[in-house]
Each structure stands twice: as structure tokens, then as C-alpha cells.
Amino acid sequence: RDIPVTWSKGSCFMTPSAHYIYEGMMGEIVGQFVLKDVFHADVQDIPEPEKTERFDFFIPLPKDRRIYVDIKNWADAVGTLEQGDFREKNQQKLGEVNEGTGDNKACILNIMPTDEAGVTEETNIQIHLGGQLLIVSRLFMTNGQLDPAAGRAIFALLLEQGAI
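All values derive from a computational prediction rather than experimental measurement.

Visitor: Hey, could you run me through the sheet that holds strand β4 (residues 125-128) in this one?
Guide: Paired through their backbone hydrogen bonds, the strands of a sheet run either parallel or antiparallel. Read from one edge to the other, the open sheet built from 5 strands follows the order β1-β2-β3-β5-β4, with strand pairing classed as mixed. Edge strands, defined here as strands with exactly one partner in the open sheet, are β1 (57-61) and β4. Across the sheet, the mean angle from the axis of one strand to that of its neighbour is 15 degrees, orientation sign disregarded. Two elements, β1 and strand β2 (residues 65-72), share 5 bridges in a ladder whose sense is antiparallel. Paired with L61 across the strands is R65, a residue of β2. Sheet strands touched by helix α3 (residues 84-98): β2, β3 (105-110), β4 and β5 (133-136). Its angle to β5, the strand with the most contacts, is close to 140 degrees. Where helix α5 (residues 148-160) meets the sheet, its contacts fall on β1, β2, β3, β4 and β5, and the angle it forms with β5 comes to roughly 160 degrees.

Written out as C-alpha cells, the structure is:
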């Protein structure tokens, strides 16, 4: 069956649950690095515990507004046109942190999709709710370079909102 049953000295074994957590943390670290060091945005932890279940961190904006950021890594549902459930879930999360005001924005960044995700130029950048929700299906291309369309969309959002 080609299932390993022995491990060489020094090798590691990671359970599926631990691997999923590791991928998520790796994505958050990469996402924060890009926003801080490439776009020079002020990335901050969310102080309200009830909001940390919805988003990973935020970027402060003028007039006590925020761009909430949720990082995904190797997520497939992000990049297809048929990802209505994913979009609706994130619209709901934004509505909950906005508490009815509509003042805040949200940015969902998928660091790198799997090969099966089917991300195309048409599905990579999605803007919903009149510009309140930006979904980037592919932050990095398979060659490791920042996706140009993703970079432009993130830069435009940060600049338009006064974050940079």
C-alpha cells in the first residue's frame, strides 16, 4: 500500500490536525509580513475577543475605522466563481464586526491556492458589497512571486482607505 510504517531517525510526523494548524499559522505570518513589509501597513492584533474568531488581525484607518484581515492558506473555496457560500460567510462576518455601521472593510487573502482550486485571472480578485469586501484568491503565484493583480488590488484598498 506504500504507507510508511517506520520513520528514520530525526524524521517528524505531523497529525492532520497539527498540519492544518501549521498551515494556518504559516499563512498568517506570510500575510502579516506582506502587509507590513511590502505595503507598509500598520497591522494590529484585534483587542476584542469576540472578533478574533472572525478575523486574524486588522489595519487601522482614519476615523476609528478598520480593515479586518482574514488569511487563508491553500484554500480552494476562495478562487472559484461558484464560491457563493464562502462569500456569504465573509459578508456575514463583516456585518457582525461592523455592528450595523458599515464603516469597516474586510480583506480575505488566500496566500496560495492548491493546484485544484482553479484560480483564474477572472476569479483572483473579487470585490463585493460596494467595495467593503475584497477577496484575493491568490496572493502568490506558483513561482513564488506576488501576483500583480493581487498587489494592485491590495495597494488600491490601502491607499483609498488612508491606511498607507
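Visitor: Just to check I follow, could you spell out a nonpolar patch on the surface for this structure?
Guide: Residues Y20, I21, M25 and I29 make up a contiguous nonpolar surface patch of roughly 480 Å² in combined accessible area. Relative to the assigned elements, Y20 resides in helix α1 (residues 16-38). Judged by relative accessible area, which is 63%, Y20 ranks as exposed.

Visitor: What exactly am I supposed to notice about α1 here?
Guide: Note: α-helices contain 3.6 residues per turn, so residues at a spacing of three or four share the same orientation. In a regular helix each residue adds 1.5 Å, so 23 residues correspond to 33 Å; α1 covers 32 Å between its end C-alpha atoms and thus fits that length. Listed as buried for α1 are E23, G27, G31, V34 and L35. Two residues or fewer after α1 comes H40, characterised by a positive phi angle close to 60 degrees.

Visitor: Is there a simple way to think about the packing of aromatic side chains in this case?
Guide: Scanning the entire structure with this criterion turns up 2 aromatic pairs. For the ring pair F58 and Y68, a centre distance of 6.3 Å and an interplane angle of 50 degrees mean the geometry is tilted. One end of the pair, F58, is in strand β1; the other, Y68, is in strand β2, and 10 residues separate them in sequence. Between the NZ or CZ atom of R66 and the centre of the ring of F58, over which it lies, the distance is 4.0 Å. Seen from the ring of F55, K93 lies directly overhead, with NZ or CZ sitting 5.0 Å from the centre.

Reading the values: the criteria
- Residue numbers run consecutively from 1 along every chain, following the written order of its sequence.
- With the structure being a predicted model, the display of local features is reserved for residues of pLDDT at least 70 and the display and counting of side-chain atom pairs for 80 or more, all residues being used for whole-chain, interface and lining totals.
- As a convention, hydrogens and water are excluded, and side-chain values are obtained from all of the structure's heavy atoms.
- Only when DSSP finds a minimum of two bridges between them are two strands counted as paired.
- Here a helix means four or more residues in a row that DSSP labels H or I, a strand means two or more in a row labelled E, and each is numbered from the N terminus.
- Lines are fitted to the C-alpha atoms to define the axes, a helix being fitted only along its stretch in contact, and any angle between axes, read from their N-to-C directions, falls within 0 to 180 degrees.
- Contacts were defined at the residue level, with two residues in contact if any of their heavy atoms lie within 4.5 Å.
- Patch membership needs two things, relative accessible area over 30% and no salt bridge, and members are linked within 9 Å if like-charged or within 5 Å if nonpolar (Val, Leu, Ile, Met, Phe, Trp, Tyr).
- Calculation of accessible area relied on Shrake-Rupley with a 1.4 Å probe; when residues are assessed, cover is drawn exclusively from the protein chains displayed.
- The term salt bridge refers to a pairing of a side-chain nitrogen on Lys or Arg with a carboxyl oxygen on Asp or Glu at a separation within 4 Å.
- Relative accessible area decides the class of each residue, using a 1.4 Å probe on protein chains only: under 20% of the type maximum gives buried, over 50% gives exposed, and in between gives partly exposed.
- Take the residue count of a helix, subtract one, and multiply by 1.5 Å to get its expected span.
- Between 30 and 60 degrees the pair is tilted, below 30 it is stacked and above 60 it is edge-to-face, where a pair is any two Phe, Tyr or Trp rings, Trp via its six-membered ring, whose centres lie within 6.5 Å.
- We count a charge as sitting over a ring when the NZ of a lysine or the CZ of an arginine lies within 6 Å of the ring centre and within 35 degrees of the ring normal.

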